[in-house]
Amino acid sequence: MSGRHRTLAIAAPFAWMLTFFVAPLAIVLKISFSESTAERPPYAPLFEMGTDGGIAFQPSVSAYLLLLSDSLYFYAFLGSLRIAAVSTFVCLLIGLPMAYAIARSRPERRNLLVLLVMLPFWTSFLIRVYAWMALLKPTGILNNVLISLGLVDEPLPLMNNDFAVHLGIVYSYLPFMVLPIYAALEKMDWTLVEAAADLGCRPLRTFFAVTTPLCWHGIAAGSLLVFIPAAGEFVIPDLLGGPDTLMVGRVLWTEFFINRDWPAAAALTIAMLSVLLLPILAFQRMGVDTDRP
Amino acid sequence: MTAVRVGFPRILLGLGYAFLYAPIALLVIYSFNESRLVTVWGGFSTRWYGEVLANERIVDAAWLSLSIAAMSATVAVLLGTPAGFALARFGRFSGRTVFAGLLAAPLVMPEVITGLSLLLLFVGLEESIGWPNERGMATIVIAHVSFTMPYVAIVVQARLAGFDRNLEEAALDLGARPLAVLRSITLPLTAPAIVAGWLLSFTLSFDDLVIASFVTGPGATTLPMLIFSSVRLGLSPQINALATMMLVAVSLCLVVAAWMMGRRQTVSS
Amino acid sequence: MSRAAAETAVSEPGSFIRIEDIAKSFSGVPAVAGVSLEIRRGELFCLLGASGSGKTTLLRMLAGFERPDRGAISIDGADVTAMPPYLRPVNLMFQSYALFPHMSVEGNIAFGLRQENLSRSEIARRVDEMLALVQMTAFARRRPHELSGGQRQRTALARALAKLPKVLLLDEPLAALDRKLREETRQELVAIQARLGITFIVVTHDAEEAMGMASRIAILKGGKLAQIGSPSALYDRPRSRYVADFLGPVNLFECEILGHEPGSVVLRLADLDTELRVPDELGTARTGRAWLAIRPERMTQSIGVAPVNRMRGVLRAAVFRGESHSCRIELPNGKSVLFTAPTVVPIPRQGESVELSWPPSAGVVLFE
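Parameters and conventions
Residues numbered from 1 in each chain as written. Chains lettered and ligands numbered in written order. Predicted model: local features only at pLDDT ≥ 70, side-chain atom pairs only at ≥ 80, totals over all residues. Heavy atoms only, no water. Helix = DSSP H or I, 4+ residues; strand = E, 2+ residues; numbered from the N terminus. Contact = heavy atoms within 4.5 Å. Lys, Arg positive; Asp, Glu negative; His and termini not counted. Charge placed at Lys NZ, Arg CZ, Asp CG, Glu CD. Salt bridge = Lys/Arg side-chain N within 4 Å of Asp/Glu carboxyl O. Buried < 20%, exposed > 50% of the residue type's maximum accessible area, 1.4 Å probe, protein only. Buried area = accessible area lost by both parts, 1.4 Å probe. Polar contact = N/O pair within 3.5 Å; in protein donor to acceptor, adjacent residues only side chain to side chain. Nonpolar A, V, L, I, M, F, W, Y, C, P; charged D, E, K, R; others polar. Pairing = 2+ DSSP bridges. Phe/Tyr/Trp six-rings, centres within 6.5 Å; stacked < 30°, edge-to-face > 60°.

(A) Structural detail: the overall build of chain B. The helix and strand inventory of chain B stands at 11 helices and 0 strands. For chain B, the sequential pattern of α-helices and β-strands runs α-α-α-α-α-α-α-α-α-α-α. Expressed as a percentage of contacts within chain B between residues at least 6 apart in sequence, the contacts between residues at least 24 apart total 68%. Each charge class in chain B was averaged separately, 16 positive and 14 negative side chains, and the resulting centres sit 12 Å apart.

(B) The arrangement of the pattern of salt bridges in detail. Scanning all chains against the criterion turns up 27 salt bridges over all chains. Across the salt bridge formed by B:E126 and B:R135, the nearest N and O atoms sit 3.7 Å from each other. Residue classification places B:E126 among the partly exposed residues on the basis of a relative accessible area of 30%. Note that C:D69 and C:K24 form a salt bridge whose closest N and O atoms lie 3.9 Å from each other.

(C) Representation of the interface of chain A and chain B. Listed as interface residues are 90 residues of chain A and, on the opposing side, 87 residues of chain B. Counting each side, the surface lost to burial between chain A and chain B is near 8,300 Å², with a carbon and sulfur contribution of 80%. The interface formed by chain A and chain B contains 1 salt bridge. We note a salt bridge from A:D238 to B:R232, for which the minimum N-O separation is 2.8 Å. Taken together, chain A and chain B are joined by 10 residue pairs in polar contact (both at pLDDT 80 or more). For the side of chain A that touches chain B, a count of residues per class yields 71 nonpolar, 11 polar and 8 charged.

(D) Local environment of the sheet that holds strand 4 (residues 70-75) of chain C. Residues and elements named next belong to chain C. Here we have 4 strands laid out as an open sheet, ordered 2-1-4-5, and antiparallel in their pairing. Of all the strands in the sheet, just strand 2 (29-39) and strand 5 (78-79) have a single pairing partner and so form its edges. Bridge count for strand 1 (residues 17-26) against strand 2 is 8 bridges, and the pairing is antiparallel. Within the sheet, the bridge partner assigned to A23 lies in strand 2 and is A33.

(E) View of the packing of aromatic side chains. All names here are of chain A. For the structure shown, the criterion picks out 29 aromatic pairs over all chains. An angle of 40° between the planes, with centres 5.1 Å apart, marks the rings of F33 and Y64 as tilted. On the criterion of sequence distance, the pair formed by F33 in the loop between helix 1 (3-32) and strand 1 (47-49) and Y64 in helix 2 (residues 62-69) is long-range, its members being 31 residues apart. For Y64, a relative accessible area of 18% corresponds to the buried category. Between W253 and F257, the aromatic rings sit 4.5 Å apart at their centres with planes inclined by 40°, giving tilted as the arrangement.

Right, dumping it as structure tokens:
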């Protein structure tokens, strides 16, 4: 490939990502320092032509002060991080043995088992959440079955609470945990496990002392792939959560669509990005660039 | 390997699959429920399917979503394939780390952030250069390309990393000019990844609710937006039927794709 | 074989490939640091060196994948230094074979021919010829992943030969094969080369392999030419300790040159404290520190009646190798000396004293 083609191959996607990924984040940062107004669009310009022809810079931290003054935002962040962390942990508890079992199954069967993990990922996210609503509702399928079996007298409160949100996140993001761990395990040298057994290590101990450390990369990638988007999740808390389920994605949505306070939403976005910056950077370091020379 | 050692994970694997598939299976079963009460079985019926197909708002939204998905997947492939090449084949070019980082970040970026930031960009552009004067299909396509292109880049990069770098050199050595090498060696070998990347982008775009909700304008309601507003009000038998139809369509596409890839695989592995 | 091959088979004196002082660095690290070589038409030439010696870079510059930083390469009188790989009359057999996975054996062999304006029937004829040459006719429609290692190797060879290049480059052609197949394939390569008369340049790190097939060998070290010559010349008359050691086991004795007599050098071995005489081939008047190199198989057990060149030690180890024993004796000062005893000769028991001697022509004086 000639130099000109190479430059174009890099420049085109690069320019796109700068324009539609980096620039928007910069604009969010700018608007977060703007005043909320009742105009359209509902924020005061940050730069204003002064009467003397110069440009006046009028940053305002009122949006950030709002975030600090109302404990709702703090609890929303706390709720998001807690729910994302717990869900990630549960995903790991389920996903690690699943990936292990797939990696140790017969080679000709592995592709089918992997495909079965990926399949739900290809089907609509919204529909999968909807499927759980049908199951968990007070008049839903689970409650109907439990009542008709006589196990409970009145419907269990399965939906519109934090439990349902955790369940929905684990369900939706499980494939993102299984696949990277499986990819790491698939490359593993299984004679190491045999060597451990030969040296007298019991299976469960071998699993934690040999297998787990060797697929650390997969576990880390899977955990970040679940944790980061889960922390910003909107659909699941909105559909499965209760009125008191506080997650920052949902608050941001409300701030933007219901309260129409764009500077506050922008400030929330910036706060969210700062909180998630470390995990995102960690993912970047290990994510795409597996081929680092 | 003794049975005891595999037994425990294998049981978990079975439970894992049950967990993944049971809700979907129930959704499909109840889509054939006669009763208007979605969760109470009232006999077999296909009436809700008829109602979905007769519902103009659903059909219009579905068409809009399909068009958006097809367009954004195509653009994502056009931009993401060279990006995958750059990552896999260009060695250490300057800015590689930034480039790789820019492609990795959208994979985990929470949708609300992507959606809000893109909307603010579009509003800002409209203010300053007058475009886009109306948000809708075009802005959704741009937004979808931005978050699906990295997936294409990764799939293409993985495929390229998987085969011998000497292949292209061998073709050059045998007298093929660079363009002929691209046509006869590189593209045929990358094709499965490009197809997979297109399908992945298509699905992600077709499925997206949050980003589209931010960057859309009046008049452009995608299928997920329609489903979401309906689901927020409660369960609806029509949504069950629509969901089943979408599941069947996606499964069919995947079977065809897997079959094509399988054929490719025997050709190329 | 076709007429073109018959023509190249006519061997001419003089240089066919001329490499003049070429050098190549990668991000400041020199890979090839000024190499000049002349290769004759119809030769089976080996570039031999350890990893990092620059042999692969040299090969890639010959194929056209790397542009030299300085120097020039010409083939059959034409300067090819700046010529892209697809225009060079050179083909390369890759170490990984680099068979196109989406094409059959036939398709792979035809690929190069299709890049020229040849008729369909001409291509088919040449492909059939090549398939027959490497005995792959029965597997013509198989895909590379359906072939064994040896079959892949033969397909790669046929593909590279199909265009009847002026020069065929082979990058570690035997490295991926198992030991038994390697020997068979080596003989096959030599036979095919002799039959087609095409100039072969083989890159390898295996001295035994190089000596077993090459008409001449160039040994590379650190991006520079260490020595060039026929296998026997390099083996028997190395000019440096590096070359002597690289080509096979050798005993190196530090020595001091005391003086010159007509036709021979007088030297004193530090380990033995005796004076020795070896034929003076170099004719140099150099004196001072040097090394005496003697191959283990040139050492023989002598019983008492001592010629001039001898040493005595205690047998410490003997390893049975089929046709011979590899033995190690320890000199009084603790230095180990290797010698090879044919199995028909009985060897002493461990701990017993042994006297070794060697013909004067077996010793080579090395200054570096």
